[in-house]
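Examination of the molecular architecture
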Amino acid sequence: MNPPETAAATSTQVAEAPAVPNHYLNHSKGFLSWALTLDHKRIGLMYLVGVLGCFALGGIFALLVRTELWAPGDTIAGMFASPGSSPQEVYNMWFTVHGAVMVFLVIIPGVPAALGNFVLPIMLGAKDVAFPRLNLGSFYLWVIGALFFVYTLFNGGVDGGWTFYTPYSASQATNVIPALLGVFILGFSSIFTGMNFVVTIHKLRPPGMTWFRMPLFLWGSYATALIQVLATPVLGITLLLLIMEKTLHVGIFSPEYGGDPVLYQHFFWFYSHPAVYIMILPAMGIVSELISVHSHKRPFGYQFIAYSSIAIAVFGFLVWGHHMFTSTQSPAMNAIFSAITFSVSIPSAIKVFNWLATMWGGSIRLTVPMLYGLAFIFLFSIGGLTGLYLGTLSTDIHFHDTYFVVAHFHYVMMGSALIGMFGGVHHWWPKMVGRHYNGTLARISWALIFVGFNVTFFTQFLLGSQGMPRRYYDYLPRYEIYHKISTVGSYMMAAGFLIMAFYLLQSIFGGRKSPANPWGANTLEWHCTSPPPHDNFATAPAIEDCYDYSGIDYDAKIGGYTSRANP
Amino acid sequence: MAGSSITTALGDLGGLGSAGLAWLETRMVGLLAEGSIWTTGMPAAKSNHAGPIDSDYAFITIICTIFFVPITIALVYFAFRYKKAPGEKAESDVSHNTPLEVTWTVIPMLIVVVMFYIGFRHANMMYAAPADAYTVHVTASQWSWSFLHPSGAQMGGDIGKLSPDRKARETTDPDLGLHLPPGVPIRLVMNSTDVLHSFYIPEFRVKQDVVPGKTSSLWFTPDLPEGDEPDMYWLLCTEYCGKDHSNMLSAVYVHPTMESFLQWQTRATALDPDNPVESGAKLYVRKGCATCHSVAPDGSGPNTGPTWSGLWGLSADEHQVHEGSPTGPKRGVAMTGEAGEEYLRESIRNPTALWREGYIQPMAAVKVDDTELFFLIEYIKSLGKQ
Ligand SMILES: [Cu+2]
Ligand SMILES: [Cu+2]
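Residues numbered from 1 in each chain as written. Chains lettered and ligands numbered in written order. Predicted model: local features only at pLDDT ≥ 70, side-chain atom pairs only at ≥ 80, totals over all residues. Heavy atoms only, no water.

A few words on the overall build of chain B. Each helix and strand in chain B was counted, giving seven helices and 15 strands. The burial tally for chain B puts 49% of its 386 residues in the buried class. (Helix = DSSP H or I, 4+ residues; strand = E, 2+ residues; numbered from the N terminus. Buried < 20%, exposed > 50% of the residue type's maximum accessible area, 1.4 Å probe, protein only.)

All names here are of chain A. Running from N to C, helix α4 (residues 87–124) and helix α7 (residues 176–203) point in directions that differ by 20 degrees, and their axes come no closer than 11 Å. Here α7 runs roughly parallel to α4, going by the angle between their axes. Between α4 and α7 the crossing geometry is left-handed. Residue-level contacts link Phe104, Leu105, Ile108, Pro112, Ala113, Gly116, Asn117, Leu120 and Leu124 of α4 to Val183, Leu186, Ser190, Thr193, Phe197, Thr200 and Ile201 of α7. Within the contact of α4 with α7, the residues separate by chemical class into 11 nonpolar, five polar and no charged. (Axes fitted to C-alpha atoms, helices over the stretch in contact; angles between N-to-C directions. Parallel < 35°, antiparallel > 145°, perpendicular 65-115°, else oblique. Left-handed = near helix turned anticlockwise from the far one by under 90°. Contact = heavy atoms within 4.5 Å. Nonpolar A, V, L, I, M, F, W, Y, C, P; charged D, E, K, R; others polar.)

Quick look at the coordination of the copper ion (ligand 2) now. All names here are of chain B. The copper ion (ligand 2) binds to the protein through Cys237 (SG), Glu239 (O), Cys241 (SG) and His245 (ND1); the donor distances cover 2.1 to 2.6 Å. Coordination at the copper ion (ligand 2) comes from four donor atoms whose angles at the metal span 88 to 128 degrees, giving a geometry best classed as tetrahedral. Considered as a linear motif, the donors of the copper ion (ligand 2) on their single chain read C-x1-E-x1-C-x3-H. His245 carries the same exposure label as Glu239, and that label is buried. (Donors = N, O, S within 2.8 Å, 3.2 Å for Na, K, Ca; no water. Tetrahedral: all angles 85-135°; square planar, octahedral: opposite > 155°, others 65-115°.)

This part covers the sheet that holds strand β12 (residues 249–254) of chain B. Sheet strands pair by backbone hydrogen bonding; their relative direction is either parallel or antiparallel. Residue and element names in this part refer to chain B. Ordered by their spatial adjacency, five strands build an open sheet running β6-β12-β11-β8-β9, and the pairing between neighbours is mixed. If you trace the sheet from one side to the other, it starts and ends with β6 (178–180) and β9 (206–210), each paired once. Neighbour to neighbour, the strand axes of the sheet diverge by 20 degrees on average, direction disregarded. With three bridges joining them, β6 and β12 adopt parallel strand pairing. Bridging across to β12, Leu180 finds its partner in Val254. (Pairing = 2+ DSSP bridges.)

The next subject is the nonpolar core. Core analysis: the biggest nonpolar cluster contains 256 residues, and A:Trp94, A:Phe104, A:Trp355, A:Phe376, B:Trp145, B:Leu188 and B:Phe199 have the highest contact counts within it. Sequence-distant contacts of B:Leu188, that is, excluding residues within four places in its chain, are made with B:Val136, B:Val138, B:Leu178, B:Phe199, B:Ser216, B:Ser217, B:Leu218 and B:Phe220. Grouped together as the second largest cluster of nonpolar side chains are 21 residues, B:Tyr284, B:Cys289, B:Leu314 and B:Val368 included. (Core = buried A, V, L, I, M, F, W, Y, C linked by side-chain atoms within 4.5 Å.)

Moving on: a nonpolar patch on the surface. On the surface, A:Phe31, A:Leu32 and A:Leu36 cluster together into a nonpolar patch covering about 380 Å² of accessible area. Tracing the backbone shows A:Leu32 in helix α1 (residues 31–35). (Patch = residues over 30% accessible without salt bridge, like charges linked within 9 Å, V, L, I, M, F, W, Y side chains within 5 Å. Areas by Shrake-Rupley, 256 points an atom, 1.4 Å probe, with all protein chains shown as cover. Salt bridge = Lys/Arg side-chain N within 4 Å of Asp/Glu carboxyl O.)

Before going further, it helps to examine the coordination of the copper ion (ligand 1). Residue and element names in this part refer to chain A. The coordination sphere of the copper ion (ligand 1) contains the protein donors His273 (ND1), His322 (NE2) and His323 (NE2), at a distance range of 1.5 to 2.2 Å. When the donor residues of the copper ion (ligand 1) are listed from N- to C-terminus, their spacing reads H-x48-H-H. One end of the pair, His273, is in helix α9 (residues 261–295); the other, His322, is in the loop between α10 (302–315) and α11 (331–359), with 49 residues separating them in the sequence. You'll find His273 and His322 in the same group, each marked buried.

Turning next to the interface of chain A and chain B. Listed as interface residues are 102 residues of chain A and, on the opposing side, 91 residues of chain B. Carbon and sulfur atoms make up 68% of the surface buried where chain A meets chain B, a total of about 7,900 Å² over both sides. If you look at where chain A meets chain B, you find four salt bridges. Looking at the side of chain A that touches chain B, the element that brings in the most residues is α11(A), giving 17 residues. Grouping the amino acids of the side of chain A that touches chain B by side-chain chemistry returns 51 nonpolar, 35 polar and 16 charged. (Buried area = accessible area lost by both parts, 1.4 Å probe.)

Let us now look at the packing of helix α2 (residues 50–81) of chain B against helix α3 (residues 98–127) of chain B. Residue and element names in this part refer to chain B. Where α2 contacts α3, the axes come no closer than 10 Å and their chain directions differ by 165 degrees. When the interaxial angle is binned, α2 and α3 end up roughly antiparallel. For the element pair α2 and α3, the recorded crossing hand is left-handed. In this structure, α2 uses Pro52, Ile53, Ser55, Asp56, Phe59, Ile60, Ile63 and Phe67 to contact α3, whose residues at the interface are Pro108, Ile111, Val114, Met115, Ile118, Gly119, His122, Met125 and Met126. Considered class by class, the residues forming the contact of α2 with α3 number 13 nonpolar, three polar and one charged.

We now examine the packing of aromatic side chains. Enumeration according to the criterion identifies 66 aromatic pairs over all chains in this entry. Here a set of aromatic residues connected by ring pairs shows up, and it is made of A:Tyr389, A:Phe399, A:Phe404, A:Tyr411, A:Phe453, A:Phe457, A:Phe458, A:Phe461 and B:Tyr57. For A:Arg42, the ring lying beneath its charged end belongs to A:Trp34, and the centroid distance is 4.3 Å. The ring of B:Tyr200 carries B:Lys207 above its face, with NZ or CZ at 3.9 Å from the centroid. (Phe/Tyr/Trp six-rings, centres within 6.5 Å; stacked < 30°, edge-to-face > 60°. Lys NZ or Arg CZ within 6 Å of the ring centre and 35° of its normal.)

Fair warning: the whole summary comes from geometry, so function is off the table for now.
The following block contains the structure:
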């Protein structure tokens, strides 16, 4: 199969729907038609299944961690300890696996690779990504990386925290090397996806799709893809150096061989801080779509939002040292990193104001995706504002490496990145599978997740300001009450996610059929049938203003919207 | 150095800002004072650094509230105010408003400049200790703290233990832990013998990583205790360091008077030459050996290192010892001879030279002088093969 070409046709018609609609799901059948597919939609869907599966796995470990923390002393970890190990080692493995799985297998590939793959080419008006084979390759690298993680799980687990700080990570006998190799391979998967998206957006825009006509999700994805391509290699280098040190005893990070442990932290955060933006930028892109579509009003300050994505991506490379204010980094470096960190907070604040202004005067439908969009704005505001305490040099000294940081990054990585992703899943689900999920169950599940999330993590801000350090198996009894509340919240969230799993699965088999445009959106994917045809567009689509809702009318008979200009 | 000139430059710049800030601080003094509602959530403030940090905390909390409350109100209000039936068109089609957007960019920018500056200024006060500070050398190793005072008094940390009803963590011995004289600045000079650790006392608002191969330091002046008893705090390790990271605590005492501190110092250094075994037992605790070595006949207790119970006189077969250390170059030569005087001296003085089978990490070197070594070995002998 060749890379899709963008025909320069001018027809505005989408392919006539045949009697039994032919779409990407029933286009071909059999295991191989999926396993070897080059269709970005199928690859996206496979990614989504994988990512959600890993989310369940990471979630189980989170629940184990929260349950252990119900009371000081041993709670449940002792039951999982084998004769050679102690409960605290079991617990340490739990939080390491939770963190590594959630970061490397769920959030980083979550939006770009799963939703981005499905949506990006259609939104752009292309038939596929620029390099479909590379895309499939990226998926298999993800699978192999995931298998490395599963291997370590069944082989005694891995310890060290998802940050794998040296010299501890280099000094111990657990499966650090297979886990790092897994992360290394996942890095390549991420680079492949990023490269693919950059080239697709540069080269496959159909005539008329100028940069400033692109939907904001594409701007977010573009900024993300740039970071993936530029930052991930540093992670690869770091991990190789670490593996070299561990196996060949070359002195790089371990003082024992003449290395410097703080150097590792520089390398690690040079990737991992931008990685925070790999997680959050695409979710911001989704939210820009959600708020505009479900308010049926064009995004307020489109250009500001678009530029702020790029600004965040650029500044994001210059702030890694804010993770190291207490690491023996020099005072001058601390000051510089603190100053630059504050500058990143501005574009994030601008986005929040723009989203609110988009809602102002709109025609808002409180659909399930919109509820996720609103939850995102609320949680992201808390996540962003609490970042101010950590960027300020004096207060960070108190909060660093306490539950305050844990709460802050869960607000940003789960409350924002993942909630944004779930907003996207609920928004595009009718497009992906052609069916609606049960709205009532979805609202109950949303409420449980939203409330449960705040109960779990807001409490952790209090824990952190009281001085509870992170990664503690046991703790001073003065922290007990907060831990109890936090654990209860985590069970509420778990209930919410179980309900979500139920109604999403149920919708595939028994859901109401979705019209092409159930939400009244005007970006290109909603002009295709639901689910979209195999090659997206029979002829190159006409590119109009994707945020002009004036020509989109509601049709009660089909329970969806139709477009006057582009029926 | 380039770094320090930047710091001075920033400091000069700050000179301009500090006039404005002084004004701001006098305006807000009531709001930012210790114990105001804006410092809710912070632990008790017990050192000279707590005041500045808490006032920054209060300042940020006020700013956050000013932003967060209107955002949330707008979010909820808009969601209901502009809720419409399907198909209804939006009331407005405004696409942007440049003056508004510039305003909400510039105002936060100004605010974060102030925020950066106050944080910078207060953090700078925390780097260099006053010249007259009382210096304690802190050694961190997996998973214990040890404190060496200028008087030569050395004390291991006290990790305490959970009370049977799990409602409190109790200290085990009031002489263990970090003891501090009242009313003087304290400077801690810190080294790690193995991996990263971090020294943290929430009530003092101090935190500093302890890095192997480097020396780091921090300073603070603790508040004077109100009563006649020393104030007790917990020192916590906040950098993940492996299995017992969460047990790497120590009690910290601030003495109410110099006499009380000196009494402790006398107890901490006193050894009775007529009673070497008892002195050895004291050293076992003070020097921190107790955090890794068990002395119970059934071998229960800490087991990072081999138990001392029954160690004395083990035969070469029972006592598998190799030259080298598990992580260093392994020569693997099995030692012959029993666990006697020479072997014990060598393994305490030069822990990486000899390595006992089954222990994955070598022991950290602990400073002991000849007399102390004698007492320790007498103590190990007394626990000898029964
Ligand atoms: Cu960061
Ligand atoms: Cu630790």
